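# Tertiary structure, described
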Amino acid sequence: MDSTYIGSFGRLRVYQTEFFSRQQIDQMLSMSDPKDVSAFLYNGPYREDFDSLSAIFKDPELTEMAVNRHMVRNNRIALFSVPPLAKNAITAYLSKWDIENIKTVISAKFLGHGIRDAEPFLISFRDVPLGIMTGTLTNEDYRNMINLSNVEAILNYLARFGYGTYMMQFLEDYRKTGDISPMLYSLDRYYYMNLISSLKYYRGDEGPVLNYVRSEIDRQNIVTMLKGKVLKISFERISSGIMEGGNISTGKLREIYSSQDVISVVDSLRPYYDLEPQKKEYQESNDLYHFDIALRNIIARRYMDTMSMLPLSLDSIFYFILKSEFERHNVRTIYLSKVNGMPREIAEKLLITEMV
């Protein structure tokens, strides 16, 4: 037993009681009015998040931002609960939200949007600098970047943090093609490269975390390949979006990509991820999200139970962080389904659940 995890485990166990149960998720799914979902959240553990934002935002942005803020608050709890030797790994993982926010800022600038349009999509609290919890960038940095004149100016600004320097290798291609996707893909590679290098074995029982991360790399690679198949483009064209470090080698992915179409690719993936139930849904709707959600669920069910059974370890901290992420995804999905009048049965298929 490693005594350095005892305090963190105790603190996180207290906060874990605030996660919504399956019964509470079903309650929200059964609601027809998005205001009822917002009230349910407010009368539960999200009250502080709504109160901090209600003077500035109104629904639907208010509820979306409150849900984001709640997850970041949980991230902060986790980050300040870890033993010193585990902090680098947690910080590296949580920098994913810096990556998502940088993508949002660059995409907003590329599309000609300003700060008011982009801010509701940034994962942060308005009143707490994001860099304290998830990386090196603050809310002020994001506002500064959104106010810059173009995408190149944003890359130059980011150079001081490391992200921009890595993305600069795709600048010339962007100038020639006007396509920002290779730069956005490079952020994912940068993130996972740093994350895997940070997941050093501290006690030797953090395997589930590393395997979870490798499976997440697989998921992103698979989704990139499926998009490429839909667009009927070569593997070379999508190769900037294919990342090393997953369970499926890039050589094997290239071989799988030579399959004729989306369904053939899915069939070839069966030894790794069984997506057979989603083939019919895809054939009926032509929507790839069925495969993405299925992969998220397969990965969650494969590793979350194991993480929960290793309480005095890095796994227990990751379990808390991932539970927070899944709750954010599920609550946002349910709320937006009510805003957009989506039937319950469709919304339910978009949830991430740890148990079948």
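Up top you'll find the structure we're talking about.
Residues numbered from 1 in each chain as written. Predicted model: local features only at pLDDT ≥ 70, side-chain atom pairs only at ≥ 80, totals over all residues. Heavy atoms only, no water.

## Considerations on unusual backbone geometry
Following D59, the chain continues to P60 via a peptide bond in cis, the omega torsion being 10°. You can see P60 is positioned in the loop between α4 (47-53) and α5 (61-79). Phi is positive for K232, which is not a glycine, with a value near 60°. Within the fold, K232 resides in the loop between α15 (207-231) and α16 (235-238). On the accessibility criterion, K232 (77% relative accessible area) is exposed. (Helix = DSSP H or I, 4+ residues; strand = E, 2+ residues; numbered from the N terminus. Buried < 20%, exposed > 50% of the residue type's maximum accessible area, 1.4 Å probe, protein only.)

## Structural notes on the nonpolar core
Counting 84 residues, the largest nonpolar core has I90, I106, L199, M225 and M307 as the members making the most contacts within it. If sequence neighbours within four positions are ignored, M225 has contacts with F235, I238, I242, L253, I256, Y257 and V265. By size, the runner-up hydrophobic cluster in this structure holds 21 residues, among which are F20, L53, A66 and Y335. (Core = buried A, V, L, I, M, F, W, Y, C linked by side-chain atoms within 4.5 Å. Contact = heavy atoms within 4.5 Å.)

## Points about helix α17 (residues 250-257)
Restricting attention to buried positions, one finds in α17 the residues L253, I256 and Y257. Along the axis of α17, the buried positions cluster into a sector of 100°, meaning they face one direction only. Check the buried side of α17 and you find it contacts α15, α16 and α18 (262-268). (Arc of directions from axis to C-beta.)

## Side note on the packing of helix α14 (residues 181-198) against α15
Where α14 contacts α15, the two axes come as close as 11 Å, and the packing angle between them is 165°. In terms of their interaxial angle, α14 and α15 are classed as roughly antiparallel. In the packing of α14 onto α15, the handedness of the crossing is left-handed. Across the interface between the two elements, Y185, D188, Y192, L195 and I196 from α14 touch V213, E216, I217, Q220 and T224 from α15. (Axes fitted to C-alpha atoms, helices over the stretch in contact; angles between N-to-C directions. Parallel < 35°, antiparallel > 145°, perpendicular 65-115°, else oblique. Left-handed = near helix turned anticlockwise from the far one by under 90°.)

These figures capture arrangement, not role.
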